[in-house]
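# An overview of the molecular structure
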Amino acid sequence: MLQIDAKGMYYRELNQKVRSAIANGEKEITLKNVNGQYYIGDGLRGNAAITVEGVPGNDLAAFMDGPTLTIKSNAQDNIANTMNAGKIVIHGNAGDVLGYGMRGGTLHILGDVGYRVGIHMKGLKRQSPTIIVGGTAGDFFGEYMAGGILILLGLNEKDPRPIVGDYLGTGMHGGAIYIRGEVDKNLCGAEVGILEPDEDDLKTLRQYLGDYCKDFKLDIEDIMKKGFKKLLPISLRPYGNLYAY
Amino acid sequence: MFKSLAPPEYLATIDQVKCIRCKRCIQNCGWSVYSWGGDKVLIDTSKCVKCLRCYHYCPEEAIQILDNPVKFKNNAYWGYNNIRNLKRQAETGGIPLTGMGSDLPYPILFDNLLIDACQVTNPSIDPLREPMELRTYLGKKPASVEFEKGKDGKLKLKTKMPPQIKINLPLIFSPMSYGSISLNAQKVLAIAAKECGILMNTGEGGLHEDLLPYRDSIIVQVASGRFGVNPDYLNAGVAVEIKIGQGAKPGIGGHLPGEKIPLEVARTRMIPVGTDAISPAPQHDIYSIEDLKQLIYAIKEATDYKPVSVKIAAVHNVAAIASGIVRAGADIIYLDGFRGGTGAAPSIIRDHLGIPIEHAIAAVDDRLRQEGIRNEASIIAAGGIRSSADAAKAIALGADAVAIATAALTTMGCTICGKCYTGNCSWGITTQRPELTARLDPEIFAERLINLVHAWEHELKEILGALGINAVDSLRGNRERLRGVGLDTQTLDILGVKPAGR
Ligand code: SF4
Ligand code: SF4
């Protein structure tokens, strides 16, 4: 187990240190005193476990391909940008544009997230990226989604804000979104249909949420007490009629 | 229901006396114009796009594709396409799509620029017998260089050079994605790029594994849809390009119609089969130069600092934008003029947005020089380069290299019919239908494309020789060796070019 003190360190140096540690076979790394450094975990491969103490900067785990990142606090924007594989666990809130074009792996967030989370997510048979958000999400959740799974829980029952913002699933043409509680049809993009989850869906949910609950020491039964809605694209070609040939 | 009120543009005709009923036209037409009627070939001329595939494969010269004399009355103001699009819109309520670059008669600045030559007082160079350097290095150049004495007493470079991409001549192939063109067409480009020591660009559709052997001649592209982008992909080529815009459709995104998304393309892009692949105009993580910088460096971090290119459409404010892009850390800036080609774009956008590449090169080169950052990035100019003369003029205006796509596709049979968006290209280029793509044998057609590149190479050397210059570096931004004909003072001023006779 390796500790790196990131205090006052420029991101290039920090990430260089992490990369060379992993190249030397290090499997467990803790980054101490992180304070906004960009690109932590960017393009990293392998299966190392990295714990971040402090708030990491933008583009955390961009293009990441394997490792597990645990963030003990809040995190910022553009997390898991085009991530391919691996896992990120955030014990706080996170910002905008999370999981842009994500192709695989898992992003677990305990708290709230901002705008445009899970946009352009992809999926191919077994490779299915997953994002689970414990709190609320902003506008454009799952925009242009082409694959993968988004789960939004709204666990803080005292939070008076709506669980999700406007333009939910706009331009969605693949994948699935599960939202705990009710979904206001008026918030959804025209391309989205709202369904009741069936047996298979509940099984899927239990499987993904089991892992999520383990990360944050939550009780899955508490979560499952409240019902879910499933959002699917109603057409593979939402814009098929827009053009004249 | 009456037939469409837009009369067909072309009349496909078969001379029944010459026709030997071989049915090759039926097999060859990707648009199903012909069918077999029992004793003769039947013709549905409304589908004909004048791609001329049938003509080339008719052994008897029995086929003629004529302009339809009854299409609409000739009118210098209300053109055929104009009226036809109105009818189409009335029939469908949709946006008429088109392919290839704009064919509207906007002034062509390249055709109003002439290149200088040596006479008497300054000698020209014979490129056949004297060395002539076309080799070009793409990437950031240091503002100044320092040398030091090595142990052997020889001088060597002390300054650490940023990564450079070497190309044998200042010409590369423009991005065309797998999906918009066939895999075989991409292979033609890859084989030719490798053989000629230049580059091809995957476009935004990911990298098919068949192209991996050509990775040293490939730029991979990242666009808003992020199709096929993973760490292997980012590291596969010699550089990564962020696509912000395209000359044929500035400000609007990529659109690959579902017809062109069979299983293989869907797999490479990781999207459902038959869906429309959409790359929206904005990259939703880029709203400013600072955001662009963030993505540039996210890519650099993931690739151990490979060069990053940023591709934009030439628009009114291109010079200021280019300056921002260079300051954001791009190593290459790729400018695409409004004449640039496309696999699919709304015609209203293609024909009316953007500016010509000639203006954009001059404006960007000027601006970067004024700000003292011209060395920070190479400029690639694209968008309607038709010949080596256009290439030489673009370089003299300030580009480091040019990129060609339409010109390259013509070597594969393309006749610039402009119907790429239908996915029916009879030449097997802009289609994914297996019976059509099988026609394009990569080895055979690569030979033709290599010929084209070599021919341009010779021509460029001839032009340099006539100019009395022995390296393309001396032509770069050398606007003193260009003259304008028939251009107004302001245009000449923007281009930084004197009128002929001065
Ligand atoms: S092959 Fe091309 S030119 Fe010939 S009929 Fe078909 S569309 Fe027209
Ligand atoms: S690529 Fe094919 S469809 Fe497109 S312009 Fe050329 S011949 Fe026509």
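Scroll up to find the structure this text is about.
The structure contained in this document is the topic of the report that follows. Bear in mind that the values here come from a model prediction, so they are computed numbers and not experimental data. (Residues numbered from 1 in each chain as written. Chains lettered and ligands numbered in written order. Predicted model: local features only at pLDDT ≥ 70, side-chain atom pairs only at ≥ 80, totals over all residues. Heavy atoms only, no water.)

### Describing unusual backbone geometry
For Arg116 of chain A, which is not a glycine, the phi torsion comes out positive at approximately 50 degrees. Its location among the elements puts Arg116 of chain A in the loop between strand 6 (106-109) and strand 7 (130-133). By relative accessible area, Arg116 of chain A is classed as buried at 13%. One non-glycine residue, Met270 of chain B, lies in the positive phi region at around 60 degrees. With respect to the helices and strands, the residue Met270 of chain B is situated in the loop between helix 6 (263-269) and strand 16 (277-279). (Helix = DSSP H or I, 4+ residues; strand = E, 2+ residues; numbered from the N terminus. Buried < 20%, exposed > 50% of the residue type's maximum accessible area, 1.4 Å probe, protein only.)

### Brief notes about the interface of chain B and chain A
As a measure of interface size, the accessible area lost when the parts come together is often cited. The interface of chain B with chain A comprises 47 residues on the first partner and 43 residues on the second. With both sides pooled, the region where chain B packs onto chain A buries about 3,900 Å², and carbon together with sulfur makes up 56% of that total. Looking at the side of chain B facing chain A, the largest losses of area belong to Met270, Gln294 and Glu301 of chain B, adding up to 20% of the total buried there. Our count for the contact surface shared by chain B and chain A stands at two salt bridges. (Contact = heavy atoms within 4.5 Å. Buried area = accessible area lost by both parts, 1.4 Å probe. Salt bridge = Lys/Arg side-chain N within 4 Å of Asp/Glu carboxyl O.)

### Some details on a negative patch on the surface
Together, Glu195, Asp441, Glu443 and Glu447 of chain B make up a negatively charged patch on the protein surface. Looking at the secondary structure, you find Glu447 of chain B in helix 14 (residues 442-467). (Patch = residues over 30% accessible without salt bridge, like charges linked within 9 Å, V, L, I, M, F, W, Y side chains within 5 Å. Areas by Shrake-Rupley, 256 points an atom, 1.4 Å probe, with all protein chains shown as cover. Lys, Arg positive; Asp, Glu negative; His and termini not counted. Charge placed at Lys NZ, Arg CZ, Asp CG, Glu CD.)

### Description of helix 4 (residues 183-196) of chain B
Residue and element names in this part refer to chain B. Given a rise of 1.5 Å per residue, 14 residues ought to cover 20 Å, and the 20 Å separating the end C-alpha atoms of helix 4 matches this to within 8%. Where burial is concerned, most of helix 4 is hidden: twelve out of the 14 residues are buried. Looking only at helix 4, the buried set comprises Leu183, Asn184, Ala185, Gln186, Lys187, Val188, Leu189, Ala190, Ile191, Ala192, Ala193 and Cys196. Here the buried face of helix 4 lies against strand 11 (171-173), strand 12 (200-201), helix 12 (406-410), helix 13 (434-437) and helix 14. Trailing helix 4 by a residue or two, Gly197 shows a phi angle of about 70 degrees, which is positive. (Expected span 1.5 Å × (residues − 1).)

### A look at the site of ligand 2
Cys414, Cys417, Gly418, Cys420 and Cys425 of chain B are the nearest of the 13 residues found near ligand 2. Its residues placed into classes, the shell around ligand 2 shows nine nonpolar, three polar and one charged. (Near = heavy atom within 4 Å. Nonpolar A, V, L, I, M, F, W, Y, C, P; charged D, E, K, R; others polar.)

### Describing the environment of Leu234 of chain B
Checked against the element boundaries, Leu234 of chain B lands in helix 5 (residues 231-236). Along the backbone, Leu234 of chain B and Leu207 of chain B are 27 residues apart, and their C-alpha atoms lie at a distance of 9.8 Å. Those residues within four positions of Leu234 of chain B in sequence are excluded, and the remaining contacts are Phe63 of chain A together with Val220, Val222, Val229, Val240, Ala302, Thr303 and Lys306 of chain B.

### Looking at the packing of aromatic side chains
For the structure on display, the rule yields ten aromatic pairs over all chains. Pairing Tyr38 of chain A with Tyr39 of chain A gives two aromatic rings, centres 5.4 Å apart and planes at 90 degrees, and the pair type is edge-to-face. The exposure class of Tyr38 of chain A is partly exposed, given its relative accessible area of 29%. With centroids separated by 5.4 Å and ring planes inclined at 40 degrees, the aromatic side chains of Phe72 of chain B and Tyr80 of chain B adopt a geometry described as tilted. The buried category is assigned to Tyr80 of chain B, whose relative accessible area is 12%. Linked through ring pairs, Tyr10, Tyr11, Tyr38 and Tyr39 of chain A together constitute an aromatic cluster. The ring of Tyr305 of chain B has Arg12 of chain A sitting right over it, with the charged end atom 3.7 Å from the ring centre. In this arrangement the basic side chain of Lys23 of chain B is found over the ring face of Trp36 of chain B, its NZ or CZ atom lying 4.5 Å from the centre. (Phe/Tyr/Trp six-rings, centres within 6.5 Å; stacked < 30°, edge-to-face > 60°. Lys NZ or Arg CZ within 6 Å of the ring centre and 35° of its normal.)

By themselves these figures say nothing about function.
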